[in-house]
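Close look at the chain arrangement
Each chain, written out:
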Amino acid sequence: MNRAVMNELIIDTDRLIQELHELAGFSVCPEPVPAVTRVVFSEVDLQARSWLTSRFDEAGLSVKVDPIGNTYARWCPEGCAPDAPAIGTGSHIDAIPHAGMYDGTVGVLGGLEAIRAMQRAGHQPSRPIDVILFTSEEPTRFGLGCSGSRAMCGQLTPDKIAELKDETGAGFDSIRLGAGFSGALEDVRLSDTAYSAFIELHIEQGPRLEQEQIDLAPVTAIAAPATIHFTVSGEGGHAGGVLMPDRKDALNAAALMVSAIEQAALQSDSPDIVATVGTLAIHPGAVNSIPSRVDFSLDLRDIDGANRDAVLQTTLASAQSIAEKRGVELSHHVLNSDPPAQCDLYLVEALSQAAEAGGYSYKPMISRAYHDSLFMATRFPTAMLFIPCRDGVSHRPDEYAEPHHIEAGVATLARTLATLST
Ligand code: HGY
Ligand code: MN
Ligand code: MN
């Protein structure tokens, strides 16, 4: 490790914060709400990608975009072996409706600033260093989270990509082509030797680091998400003409099922199980019409995949029993049920040493949110580095990360990337 380079790794925090605010401006939320909404392949997403590509160009990185919008910004200066397995970093810039401005973006712009800091310090990487912008990390538009990294890692095949549709019924493939991304879906999958290591910098999206006043957390494992769609079908009818005993009200049945889901999670022995019903749609949705159909989604996670699956079975049994008692039909579809990821211990140690060298406090932690690293870890040695976020808040407009925490994360990332690419 070149001591002189390490001592010269200075982060331009003011510029990075300025860029985070500029990136936040690409949003469909009306000003002056500080919220960000940037759904994949939307106009503001494409504008944000174009703005980011200009930042990559300014840094002298070569930019490659794959057929579904995963974007690779590569630094491989004189003396770097262009065909060697690269060191990757990066995250996502798509944002769920009314979200904050740090989820994902800290990893993309932080990765760029880490490279710029290494350039300023005179680092000579022996192998390429990539900042990756993963397409469609959030499930907002197509229902499936991390579709970009799943496809890169071979966990979402071209035929499965083609099955993904948005709420208008438009298919993923036609939308990505319409957004200007071309090429065969088969070309999205990365080769086995694409990366020798991948590290994602991200806000914790939880309260632990702030509560314990710790600067950084090398992540040791990433929770396993499962997404299940439920449809409850009753009879519906006139709000005045159908007496209570004669009803087969889909919404009342669904409400009991949603409550049963919460009970199944609360009664589980696992402290890490989390169950969320985040969407629920009523048909026909008229004030004077008994709901005939209800569609709702369940986001179920645990670090222990077996426990998550046990809670899912309990949930399905309870929901079916409620359906029978209420005389309604229940169907469900498991959209995804992913195993948890264990991070690479060598990279966790490298991040810990870099934090130590930078004089930052740190403690290893598990990730309760999922990330593109969950899928990168299925193919390449992978780890994450968390920084605190205020009150642990995320996926809300008041999401916030302190500049000095962002600086600590980027400095530690830069030091680690420099070490790995020496
Ligand atoms: O839902 C998640 O864990 C991530 O923020 N998409
Ligand atoms: Mn998110
Ligand atoms: Mn994220």
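Residues numbered from 1 in each chain as written. Chains lettered and ligands numbered in written order. Predicted model: local features only at pLDDT ≥ 70, side-chain atom pairs only at ≥ 80, totals over all residues. Heavy atoms only, no water.

1. Describing the coordination of the manganese ion (ligand 2)
Heads up, the condition is: Only nitrogen, oxygen and sulfur atoms count as donors, using a 2.8 Å cut-off from the metal that widens to 3.2 Å for Na, K and Ca. Water is left out, so coordination shells may look unfilled.
Donor atoms from the polypeptide that coordinate the manganese ion (ligand 2) comprise Asp103 (OD), Glu138 (OE) and His395 (NE2), at 2.1 Å from the metal. Linear spacing of the donor residues for the manganese ion (ligand 2) on their chain is D-x34-E-x256-H.

2. Some thoughts on the pattern of salt bridges
Heads up, the rule is: The working definition used for a salt bridge is a side-chain nitrogen of Lys or Arg within 4 Å of a carboxyl oxygen of Asp or Glu. Only DSSP runs of H or I reaching four residues or more are called helices, and only runs of E reaching two or more are called strands; each is numbered from the N terminus. For every residue, the accessible area obtained with a 1.4 Å probe (protein chains only) is divided by the maximum for its type, and the residue is called buried under 20%, exposed over 50%, and partly exposed between those limits.
Summed over the entire model, instances satisfying the criterion amount to 21 salt bridges. Across the pair glutamate 19 and arginine 15 runs a salt bridge, and its minimum N-O distance is 3.3 Å. Residue glutamate 19 and its partner arginine 15 are both found in helix H2 (residues 13-24); the two are separated by four residues, about one turn of the helix. Looking at glutamate 19, the relative accessible area reads 4%, which means it is buried. Here arginine 15 falls in the partly exposed class, since its relative accessible area comes to 32%. Among the ionic contacts, a cluster of salt bridges with common partners joins Arg15, Glu19, Arg55, Glu58, Glu113, Arg116 and Arg120.

3. Quick word on the site of ligand 1
This is how the line gets drawn: Only a single heavy atom is needed: when it lies within 4 Å of a molecule or strand, its residue is near that molecule or strand. Throughout this description, a polar contact denotes any pair of N or O atoms lying within 3.5 Å of each other; where both atoms belong to protein, one of them has to be capable of donating a hydrogen while the other can accept it, and for residues adjacent in sequence the pair is counted only when both atoms sit in side chains. We get accessible surface area from the Shrake-Rupley algorithm with a probe of 1.4 Å; when it comes to residues, only the shown protein chains can shield them. Each residue is assigned to one of three groups, with Ala, Val, Leu, Ile, Met, Phe, Trp, Tyr, Cys and Pro labelled nonpolar, Asp, Glu, Lys and Arg labelled charged, and all others, Gly among them, labelled polar.
The environment of ligand 1 is formed by Glu137, Glu138, Gln205, Arg301, Ala369, Tyr370 and His395. Between glutamate 138 and ligand 1, the recorded distance is 2.9 Å, taken from a side-chain N or O atom to a nitrogen atom. Between arginine 301 and ligand 1, the recorded distance is 2.6 Å, taken from a side-chain N or O atom to an oxygen atom. Burial of ligand 1 by the surrounding chains reaches 94%, relative to a free accessible area of 220 Å². Residues belonging to the shell around ligand 1 are distributed by class as follows: two nonpolar, two polar and three charged.

4. Some remarks on the coordination of the manganese ion (ligand 3)
For the manganese ion (ligand 3), the full set of protein donor atoms is His92 (NE2), Asp103 (OD) and His202 (NE2), and the range of their distances to it is 2.1 to 2.3 Å. Between consecutive donor residues of the manganese ion (ligand 3), the sequence gaps follow H-x10-D-x98-H. The metal-metal distance between the manganese ion (ligand 3) and the manganese ion (ligand 2) comes to 3.6 Å, with aspartate 103 coordinating both. Here aspartate 103 lies in the loop between strand S5 (95-99) and helix H4 (105-121) and histidine 92 lies in strand S4 (residues 86-92), a separation of 11 residues in the sequence.

5. Here's the deal with the packing of helix H3 (residues 43-58) against H4
How we decide: Between the N-to-C directions of two axes lies an angle of 0 to 180 degrees, each axis being a line fitted to C-alpha atoms and, for a helix, fitted only over the stretch in contact. Any angle that falls under 35 degrees is termed roughly parallel, while one over 145 is termed roughly antiparallel, one within 65 to 115 roughly perpendicular, and all others oblique. Note on convention: the crossing is left-handed when the near helix lies turned anticlockwise from the far helix by less than a right angle, right-handed when the turn is clockwise. Contact between two residues is taken to exist if any of their heavy atoms lie within 4.5 Å; hydrogens are not considered.
One way to put it is that H3 packs onto H4 with a least axis distance of 11 Å and a crossing angle of 15°. For the element pair H3 / H4, the angle class is roughly parallel. Here H3 runs over H4; the crossing is left-handed. Contact residues: Trp51, Leu52, Arg55 and Phe56 in H3; Val108, Leu109 and Leu112 in H4. Tallied by class, residues from the contact of H3 with H4 come to six nonpolar, no polar and one charged.

6. Observations regarding the nonpolar core
Here is the rule: Only buried residues count toward a nonpolar core, which is a set of Ala, Val, Leu, Ile, Met, Phe, Trp, Tyr and Cys residues joined through side-chain atoms within 4.5 Å.
Counting residues in hydrophobic clusters, the biggest one holds 103 residues, and the most contacted among them are Leu20, Met152, Tyr195, Met376 and Ile406. When neighbours within four sequence positions are excluded, isoleucine 406 is seen to be in contact with Leu16, Ile17, Leu20, Tyr102, Ile387 and Ala401. In terms of nonpolar packing, the next biggest core, distinct from the first, is built from 25 residues, Val232, Ala254, Met257 and Val294 among them.

7. Side note on the state of the cysteines
Rules: Note on terminology: pairs of cysteine sulfur atoms within 2.5 Å are recorded as disulfides.
Scanning all chains against the criterion turns up one disulfide. The partner cysteine of cysteine 76 in its disulfide is cysteine 80, sulfur to sulfur 2.0 Å. When the S-S torsion is -100°, as for the bridge of cysteine 76 with cysteine 80, the disulfide is left-handed. Residue cysteine 76 is classed as partly exposed on the basis of its relative accessible area, which comes to 29%. With no disulfide of its own, cysteine 29 lies 19 Å from the sulfur of cysteine 389, the closest cysteine sulfur. Cysteine 146 supplies the cysteine sulfur nearest to cysteine 153, a cysteine that is in no disulfide, at a spacing of 9.8 Å. For cysteine 153, a relative accessible area of 4% translates into the label buried.

8. Comments concerning H3
Rules: A helix's residues, less one, multiplied by 1.5 Å, set its expected span. The directions considered for the arc are those from the helix axis to the C-beta atoms.
In a regular helix each residue adds 1.5 Å, so 16 residues correspond to 22 Å; H3 covers 23 Å between its end C-alpha atoms and thus fits that length. What H3 keeps buried is the set Val44, Asp45, Ala48, Arg49, Trp51, Leu52, Arg55 and Phe56. The buried residues of H3 occupy an angular sector of 165° when the element is viewed end-on, so they sit on one face. If you follow the buried residues of H3, they end up packed against H2, strand S1 (36-38), strand S2 (62-65), strand S3 (71-75), H4 and strand S6 (129-134). Positive phi appears at glycine 60, one or two residues downstream of H3, with a value of about 75°.

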